[in-house]
Amino acid sequence: MLHASTTIDPAFRVAPVRRRTFGSFVEHLGRGVYTGIYEPHHPTADADGLRTDVLDLVRELGVSTVRYPGGNFVSAYRWEDGVGPKDQRPTRLDLAWRAVETNQFGLDEFMRWAEKAGVEPMMAVNLGTRGVLEAMDLLEYCNYPGGTTTSDQRVAHGRTEPYGVTMWCLGNELDGPWQIGHRTAHEYGRIAAETARAMRFVQPDLELVACGSSHYGMPTFGTWERTVLEETYDLVDHISLHAYYQERDGDLASFLASARNMDDYIRAAVATADSVRAELKRDKRIQISFDEWNVWYQAPNPEPWQYPPGLRAGQRWPQAPRQLENIYTVADAVVVGNLLISLLRHSDRVTAACQAQLVNVIAPIFTEPGGRAWKQSIFHPFALTSAAAAGEVLWCETRAPDVETATYGEVPVVDAVATHDPDGGQAVVFVVNRSTAEPVTFEADARAVGAGRVQRCLTLADEDVYATNTAEEPERVRPRDNPRVRLREGLLSVVLPPVSWSMVTLATDGS
Ligand code: AHR
């Protein structure tokens, strides 16, 4: 048995828990929208064609903010196609995912869905194939009260009150050659700055996100952020980061240490943003919007001159095909739990994040057309962290043996973060055991938060780290009460099985 320890102390405050850490993402991709959140003929569909079984799961997931409509999709999207009478909406080719987009679901449907789900909408504008004018029009349609042609279109489409969307992404992954309308950092920085300037003329108090890198390994990482922020510093609030992780070549140990990459990536992006701050002599700090992150088993992207698997020359493209339908394991859930630990730990600078995505497409919720909806393994750490994290984030410095990984070298076997809500009388510690073979006794000195009692200790682990949930067995992977926990005089001790994610809730109000 390995042994690790930490201290939970209000003196180690990082930042408040930010609700936007628990954002998600709905893109017009695969079955994310069609037969995901929207399926008019589904037995649970409401009058708007929205699946209420999925809405229930979204609420249970505890999602705060949802980014829409892409992703790669947004870079060739005409938002006007998705508003107005449905029988007059055009059907278009979606070049990003080689599919047909019917536009039966668009902006107003998304806003209605967001209201029913109780989430904040976060819109992305197309800066791949469009620009300043279309972004201004979209903002006016969404947020202007009325009395202009564009805002009155919204009213004519049934929505009198403006939507009041605060957070806007200035394009998507324009650093990537796979992006339709891919740009150099300087080209992107210029159009992002001019779009931001124009959008602020319409509404000054927006929160704007400039595109950062698509992943840490991008050859342009660092110089991209520097150049983009040199152009946009005074006009934007956030720079985005995206990252996806997967187990490669059976190397489970490296995969379990994925949060090490996320930690380094965040620190490097913050350092770059702060160096532009110093160079420009500004007081303001740019925050990170980690608006795409998850586990994703990626197939190589087809090049523009190749047909993707299943498509041949002369064939019609499919509508809402099964794309990116990853089925998640116990190990994937542990990594997702650890990535949330990393995001919380950096709450001083990561002020928004979106798990990508929400339904069917690399998602915590899975559906069958006309059939059931259920929770994938990764649903659980997200839902539990979102529900329990409150008050302040507390840094947990761990003393732990290292595990050797091929990708990251030596990493501590456990990784933890805590939250403390003095008003609610609760502290919560989130912790992973990244050993593939050994249990760990994890001890936390929680005297400084006045821990008096363990309210609950939940652990997600399994003899089979590749176990998954299915329509027939939707509860195969789920967290279970961990009886191997005790608290004596403020000292917590819990046994963490190998490849596990755990959450221990402590009463700190003397009850
Ligand atoms: O989330 C899937 C895709 O990943 C998004 O469309 C894109 O932004 C990223 O590359």
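Please read these numbers as outputs of a predicted model, since none were measured by experiment. (Residues numbered from 1 in each chain as written. Predicted model: local features only at pLDDT ≥ 70, side-chain atom pairs only at ≥ 80, totals over all residues. Heavy atoms only, no water.)

Asker: I would appreciate a short explanation of the side chain of Ser 258 in the present structure.
Answerer: Considering the arrangement of structural elements, one finds Ser 258 in helix H8 (residues 258-280). What makes Ser 258 buried here is its relative accessible area of 2%. In contact with Ser 258, not counting residues within four places along its chain, are Tyr 245, Val 335, Leu 339 and Tyr 408. (Helix = DSSP H or I, 4+ residues; strand = E, 2+ residues; numbered from the N terminus. Buried < 20%, exposed > 50% of the residue type's maximum accessible area, 1.4 Å probe, protein only. Contact = heavy atoms within 4.5 Å.)

Asker: What is the right way to look at the layout of surface pockets in this model?
Answerer: Over the atoms a probe the size of a water molecule is rolled, and this reveals where empty space is left. Estimates place the volume of the largest pocket at around 900 Å³. Along the walls of the largest pocket sit 27 residues, with Ala 96, Trp 97, Arg 98, Asn 301 and Pro 302 positioned nearest its centre. The volume enclosed by the second largest pocket comes to roughly 720 Å³. If you trace the second largest pocket, you find 36 residues lining it, with His 215, Tyr 244, Tyr 245, Arg 248 and Gln 298 closest to the centre. Sorting the residues of the lining of the second largest pocket by element identifies strand S10 (238-245), helix H7 (252-256) and H8 as the ones contributing at least two each. Here the residues of the lining of the second largest pocket are counted per class, giving 16 nonpolar, 14 polar and 6 charged. (1 Å grid on protein atoms, 1.4 Å probe; cavity = no way out; pocket = protein on both sides within 12 Å on 5 of 7 lines; lining within 4 Å. Points joined across faces, edges and corners; volume = space filled by probe spheres on them. Nonpolar A, V, L, I, M, F, W, Y, C, P; charged D, E, K, R; others polar.)

Asker: Which parts of the structure should I look at to understand the packing of helix H1 (residues 52-61) against helix H2 (residues 107-117)?
Answerer: A pair of packed helices is characterised by two quantities: the angle between their axes and the separation of those axes. Viewed as axis vectors pointing N to C, H1 and H2 meet at an angle of 55°, and their least axial separation amounts to 9 Å. By the angle class used here, H1 and H2 are oblique. You can see that H1 and H2 cross each other, and the crossing is right-handed. Of the residues in H2, those in contact with Leu 55, Val 58 and Arg 59 of H1 are Trp 113, Lys 116 and Ala 117. (Axes fitted to C-alpha atoms, helices over the stretch in contact; angles between N-to-C directions. Parallel < 35°, antiparallel > 145°, perpendicular 65-115°, else oblique. Left-handed = near helix turned anticlockwise from the far one by under 90°.)

Asker: Is there a simple way to explain the environment of Arg 480 in this structure?
Answerer: When you line up the elements, Arg 480 lands in strand S22 (residues 480-481). According to the relative accessible area criterion, Arg 480 is partly exposed, its value standing at 36%. Counting along the chain gives 148 residues from Arg 480 to Asp 332, while the straight-line C-alpha distance between them is 17 Å. Excluding residues within four positions of it along the chain, Arg 480 makes contact with Cys 457, Leu 458, Thr 459 and Glu 475. A distance of 3.3 Å separates the side chain of Arg 480 from the backbone oxygen of Arg 478, its partner in a polar contact. (Polar contact = N/O pair within 3.5 Å; in protein donor to acceptor, adjacent residues only side chain to side chain.)

Asker: Which parts of the structure should I look at to understand unusual backbone geometry?
Answerer: Note: most residues except glycine have negative phi, and most peptide bonds are trans. Here the bond from Tyr 68 into Pro 69 is cis, since omega is 0°, no more than 30 degrees from zero. As for its position among the elements, Pro 69 is in the loop between strand S4 (65-68) and strand S5 (92-94). A cis amide bond links Ala 356 to the next residue, Gln 357, at an omega of 0°. As for its placement among the helices and strands, Gln 357 is situated in the loop between strand S12 (350-355) and strand S13 (365-367). One non-glycine residue, Asp 249, adopts positive backbone phi at about 50°. With respect to the helices and strands, Asp 249 occurs in the loop between S10 and H7. Judged by relative accessible area, which is 83%, Asp 249 ranks as exposed. Unlike most non-glycine residues, Val 499 shows phi in positive territory, near 50°. Structurally, the position occupied by Val 499 is in the loop between strand S24 (491-496) and strand S25 (500-507).

Asker: How should I be thinking about H1 in this particular structure?
Answerer: Spacing of three or four residues puts side chains on the same side of an α-helix, whose turn is 3.6 residues. Buried within H1 we find Asp 53, Val 54, Leu 55, Leu 57, Val 58 and Leu 61. Those residues of H1 that are buried lie in contact with H2, S13, strand S14 (373-375) and helix H10 (379-388). Once H1 finishes, Gly 62 follows within two positions and takes phi at roughly 80°, a positive value.

Asker: How should the pattern of salt bridges be read in this particular structure?
Answerer: A side chain of one charge can pair with a side chain of the opposite charge when the charged atoms of the two come close. Scanning all chains against the criterion turns up 36 salt bridges. Note that Asp 48 and Arg 112 form a salt bridge whose closest N and O atoms lie 3.3 Å from each other. Of this pair, Asp 48 sits in the loop between strand S3 (24-25) and H1 while Arg 112 sits in helix H2, and the two are 64 residues apart along the sequence. Using a relative accessible area of 31% as the deciding quantity, one classes Arg 112 as partly exposed. Taking the shortest distance from any N to any O, the salt bridge between Arg 51 and Asp 53 comes out at 2.7 Å. Note on Asp 53: relative accessible area 16%, which makes it buried. Through salt bridges with shared partners, one network takes in Arg 31, Arg 322, Glu 325 and Glu 368. (Salt bridge = Lys/Arg side-chain N within 4 Å of Asp/Glu carboxyl O.)

Asker: It is not clear to me how the site of the ligand should be interpreted in this structure. Could you clarify?
Answerer: All residues in the neighbourhood of the ligand are listed as Phe 25, Glu 27, Gly 71, Asn 72, Trp 97, Asn 172, Glu 173, Tyr 244, Glu 292, Trp 296, Gln 357 and Ile 362. Here an oxygen atom of the ligand sits 2.6 Å away from a polar atom, N or O, in the side chain of Glu 27. Glu 173 places a polar side-chain atom, nitrogen or oxygen, 2.6 Å from an oxygen atom of the ligand. In the complex, the protein chains occlude 96% of the 280 Å² of accessible area that the ligand would expose alone. When each cavity is represented as a set of grid points, the ligand is found to reside in the second largest pocket. (Near = heavy atom within 4 Å. Areas by Shrake-Rupley, 256 points an atom, 1.4 Å probe, with all protein chains shown as cover. Sits in = over half its atoms within 2 Å of the grid points.)

Asker: Is there a simple way to explain the sheet that holds S22 in this structure?
Answerer: Two strands in a sheet stick together by hydrogen bonds in their backbones, pointing the same way (parallel) or opposite ways (antiparallel). Judged by pairing direction, the sheet is antiparallel, and its 7 strands sit side by side in the order S2-S15-S18-S19-S25-S21-S22 without closing on themselves. The sheet terminates laterally at strand S2 (13-16) and S22, the two strands that pair on one side only. Across 8 bridges, the pairing between strand S19 (residues 426-433) and S25 is antiparallel. Among the inter-strand pairings, Val 432 is bridged to a residue of S25, identified as Trp 501. Along the sheet face, helix H9 (residues 330-345) touches S2, strand S15 (392-395), strand S18 (414-421), S19, strand S21 (453-460) and S25 and points at about 55° away from the line of S18. (Pairing = 2+ DSSP bridges.)

Asker: I tried to follow the domain arrangement of the chain on my own but got confused; where do I start?
Answerer: Often the size quoted for an interface is simply the accessible area lost on bringing the parts together. In terms of domains, the chain is made up of domain 1 (18-388) and domain 2 (392-508). The C-alpha-based centres of domain 1 and domain 2 are spaced at 30 Å. Contact with domain 1, which involves 35 residues of that partner, is made by 41 residues of domain 2. Across the domain 1 to domain 2 interface the summed buried area is about 3,300 Å²; carbon plus sulfur atoms make up 69%. At the junction of domain 1 with domain 2, the criterion picks out 1 salt bridge. A salt bridge links Asp 415 to Arg 345, with the shortest nitrogen-to-oxygen separation between them at 2.8 Å. At the boundary of domain 1 with domain 2, the tally comes to 12 residue pairs in polar contact (both at pLDDT 80 or more). Residue classes in the side of domain 1 that touches domain 2 are distributed as 17 nonpolar, 11 polar and 7 charged. (Domains from an automatic or database assignment. Buried area = accessible area lost by both parts, 1.4 Å probe.)

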